[in-house]
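# Summary of structural features
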Amino acid sequence: MRTIKSSPLLAMLLGAIIVAAAISTISVEGRKHHVKKIKSKHRRHSKTTPSGSPAPAPYPSTHDGLFNILSFGAMGDGISDDSKALVGAWKAACKVAGGKVEIPAGKQFMVKAVTLQGPCKDDTVIQIEGTLVAPEKIGSWPKSTLFQWLNFKWVSHVTIQGSGTLNGRGSNWWNLETYQTQSRKYIPPMKPTALRFYASENVTVRDISIVNSPLCHLKFDDSDGVKVNNITISSPENSPNTDGIHLQNTRNVEIQHSNIACGDDCVSIQTGSSNVHIHHINCGPGHGISIGGLGKDKSVACVSDIIVEDISIQNTLAGVRIKTWQGGLGVVKNLTFSNIQVTDVKVPIVIDQYYCDKSTCKNQTRAVSISGVKYNNIVGSFTVQPVRIACSNNVPCMGVDLMDIRLRPSGGIRGLQTHQQQQALCWNSYGKTQGPLVPSSIGYCLRKSNITS
């Protein structure tokens, strides 16, 4: 009887144990399923951002908007080709308003011919603290008909600045015959300009040095709004055609507080240039500050509104010069040269409408007209002739003013030229003179401006 009575109790206990086990199994499976879901979600998230950090910037940069060429793979040893690094840093800076390319101090970066092209965001800067060097071997340059080393194209509001140097390594280019004889390699048809701006506006170049360019050191073509301040340009006196600064078809220019020594014109102003102000320049050696040559091969040339003042010129072929080819057409007008100090300059004041860079040139009747040229306070020493104004027989120079001109033979020349050579020469030129005038021949050099052109 006891056994029969206890059977219902035993059945109840067994049922409770079975229910508890089932509940426990369901709970464990639920937790396992929940963990699997969490892990699955985590794996999907890790495929998009492996470390959970933000996506990297498209260009390396030490700070926002600063692009050091070392971050783009430049070696800076003066031997490795760092051209791609420079171009890469430029492209990155070009995309950012106020972007800056950094060329750090204490390193040399060998860069082949490159074009750094715009348009860019405003206020792009190249900060040059180190040295950029051109390829030393002529054969390393591209076989093209137009050559620039560092060529900026279609840029606006760009500044090149810093205490660094651009070294064009031009010595082999200056002695091409010797180089070709020794190397027997291809010689390109043109020499490269070191730094050139084409079709650009609001460009500033300041504080840097440009040395030993194969051809022109700094050139502006078809540009508007140019400022050059506190730069140094240097190449040997016997380096051919190494103009310091060359302007062509460029307007609204200020060049100031700079030192230029080269083998050609310190500043060369060519056709299409206007509203140019050059002041506080130290020029020499070289060929002086020149307008032209203009009108070559019967071309049309126009230059106007040029002011050159507060200039020191020493040991140069000319002081301030205007040169045009016979047979050309066009106009040169409204030029002022004032407060010019010359020392041992061959001919301080020159207008030459018979310019010729060969042994002889064919005489022609047409000429670029020259008018409204003022010389004021030109003082110092000459070694050949004080003034040489040779105007076309058919197109006289009009409105030429010579005021306060005091030029004496250089004290370093023994038995200087004949009396005739020491005199001012003027041919078919009209204008006025105003003392003091030394030598006195300047006083009767010009014809009276009582005719109209």
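Owing to the predicted nature of the structure, the values given are computational and were not obtained by experimental measurement.

The rules behind the values
- Residues numbered from 1 in each chain as written.
- Predicted model: local features only at pLDDT ≥ 70, side-chain atom pairs only at ≥ 80, totals over all residues.
- Heavy atoms only, no water.
- Helix = DSSP H or I, 4+ residues; strand = E, 2+ residues; numbered from the N terminus.
- Buried < 20%, exposed > 50% of the residue type's maximum accessible area, 1.4 Å probe, protein only.
- Areas by Shrake-Rupley, 256 points an atom, 1.4 Å probe, with all protein chains shown as cover.
- Disulfide = S-S within 2.5 Å.
- Pairing = 2+ DSSP bridges.
- Axes fitted to C-alpha atoms, helices over the stretch in contact; angles between N-to-C directions.
- Expected span 1.5 Å × (residues − 1).
- pLDDT = per-residue confidence, 0-100.
- Contact = heavy atoms within 4.5 Å.
- Phe/Tyr/Trp six-rings, centres within 6.5 Å; stacked < 30°, edge-to-face > 60°.
- Lys NZ or Arg CZ within 6 Å of the ring centre and 35° of its normal.
- Salt bridge = Lys/Arg side-chain N within 4 Å of Asp/Glu carboxyl O.
- Core = buried A, V, L, I, M, F, W, Y, C linked by side-chain atoms within 4.5 Å.

The next thing to look at is the overall build of the protein. In terms of regular secondary structure, the protein is built from four helices and 31 strands. Taking all 453 residues of the protein together, the buried fraction comes to 46%. For the protein, the accessible area works out to roughly 22500 Å², and carbon and sulfur atoms hold 53% of it.

In this structure the tally under the stated criterion is five disulfides. Cys 266 shares a disulfide with Cys 283; S-S distance 2.1 Å. Negative torsions about the S-S bond denote left-handed disulfides, and the value of about 85 degrees found for Cys 266 with Cys 283 makes this one right-handed. Separated by 17 residues along the polypeptide, Cys 266 in the loop between strand E18 (251-261) and strand E19 (267-269) and Cys 283 in strand E20 (residues 273-283) bring together distant segments of the chain. Judged on exposure class, the residue Cys 266 and its partner Cys 283 are both buried. Cysteine pairing for the protein (bonded cysteines numbered in sequence order): 1-2, 3-4, 5-6, 7-8, 9-10. No disulfide involves Cys 216; its sulfur sits 8.7 Å from the nearest other cysteine sulfur, which is in Cys 262.

With parallel pairing, eleven strands are arranged side by side in an open sheet as E5-E8-E11-E14-E17-E19-E21-E23-E25-E27-E29. The open sheet has two free edges, formed respectively by strand E5 (114-117) and strand E29 (425-427), since each of these has just one partner strand. Taken pair by pair, the neighbouring strands of this sheet meet at an average axis angle of 15 degrees, ignoring direction. Note: strand E21 (residues 289-294) against strand E23 (residues 318-325), four bridges, orientation parallel. Its bridge partner being in E23, Ile 289 is matched across the sheet by Val 320.

Right, let's talk about the pairing of strand E6 (residues 124-128) for a bit. Along E6, five of the five residues are buried, which leaves the element largely enclosed by surrounding structure. Where strand E3 (residues 100-103) meets E6, four bridges bridge the pair, whose relative direction is parallel. Directly across from Ile 103, in E6, lies its bridge partner Ile 128.

Okay, helix H2 (residues 83-94) next. The terminal C-alpha atoms of H2, which comprises twelve residues, lie 16 Å apart, in line with the 16 Å expected from a rise of 1.5 Å per residue. A large share of H2 lies buried, amounting to ten of its twelve residues. Those residues of H2 that sit buried are Ser 83, Ala 85, Leu 86, Val 87, Gly 88, Ala 89, Trp 90, Ala 92, Ala 93 and Cys 94.

This part takes up the confidence of the model for the protein. Taken as a whole, the protein shows an average pLDDT of 86; of its residues, 80% reach a score of 70 or greater. Within the model, pLDDT remains below 50 along residues 1-14, and this stretch shows zero contacts once partners closer than five positions in the same chain are excluded. Segment residues 17-59: pLDDT under 50, and four contacts once partners within four positions in sequence are set aside and those in other chains are kept.

As a further point, take the packing of aromatic side chains. Per the stated rule, a full pass over the model turns up seven aromatic pairs. Of the aromatic side chains, those joined through ring pairs into one cluster are Trp 90, Phe 152, Phe 197 and Phe 220. Positioned over the ring face of Trp 154 is Lys 153, at 4.4 Å from the centre of the ring.

Proximity of charged atoms lets side chains of opposite charge pair with each other. One pass over the full model with this rule turns up eight salt bridges. Of the charged contacts, one joins Lys 219 and Asp 221 as a salt bridge, the two residues approaching to 3.8 Å between their closest N and O atoms. Judged by its relative accessible area of 11%, Asp 221 is buried. Arg 406 is the salt-bridge partner of Asp 404, the closest N and O atoms lying 2.8 Å from each other.

Once that is clear, we can look at the environment of His 217. On the secondary structure map, His 217 appears in the loop between strand E13 (209-211) and strand E14 (218-221). Along the chain, His 217 and Leu 195 lie 22 residues apart, while their C-alpha atoms are 6.1 Å from each other.

Attention shifts here to the environment of Gly 431. The residue Gly 431 is located in strand E30 (residues 429-438) in this model. On the accessibility criterion, Gly 431 (6% relative accessible area) is buried. Taking the C-alpha atoms as reference points, Gly 431 and Leu 402, separated by 29 residues in sequence, lie 7.9 Å from one another.

Judged by nonpolar contacts, the single largest core of 99 residues is most densely connected at Phe 197, Leu 218, Phe 220, Ile 245, Ile 278 and Tyr 375. Top element by residues in this core is H2. It accounts for eight residues. Not counting chain neighbours up to four residues away, the residues in contact with Phe 197 comprise Phe 152, Val 155, Ile 160, Val 203, Val 205, Leu 218, Lys 219, Phe 220, Asp 221 and Ser 223.

Turning to unusual backbone geometry, a few remarks are in order. Cis rather than trans, the peptide bond between Gly 435 and Pro 436 has omega equal to 5 degrees. Counting through the fold element by element, Pro 436 comes out in strand E30. Here the amide bond leading from Val 438 into Pro 439 is cis, since omega sits at 0 degrees, within 30 degrees of zero. With respect to the helices and strands, Pro 439 occurs in the loop between E30 and strand E31 (447-448). The backbone phi angle of Asp 305 is positive, close to 60 degrees, even though this residue is not glycine. Within the secondary structure layout, Asp 305 lies in strand E22 (residues 300-314). Exposure remark for Asp 305: the relative accessible area of 39% places this residue in the partly exposed category.

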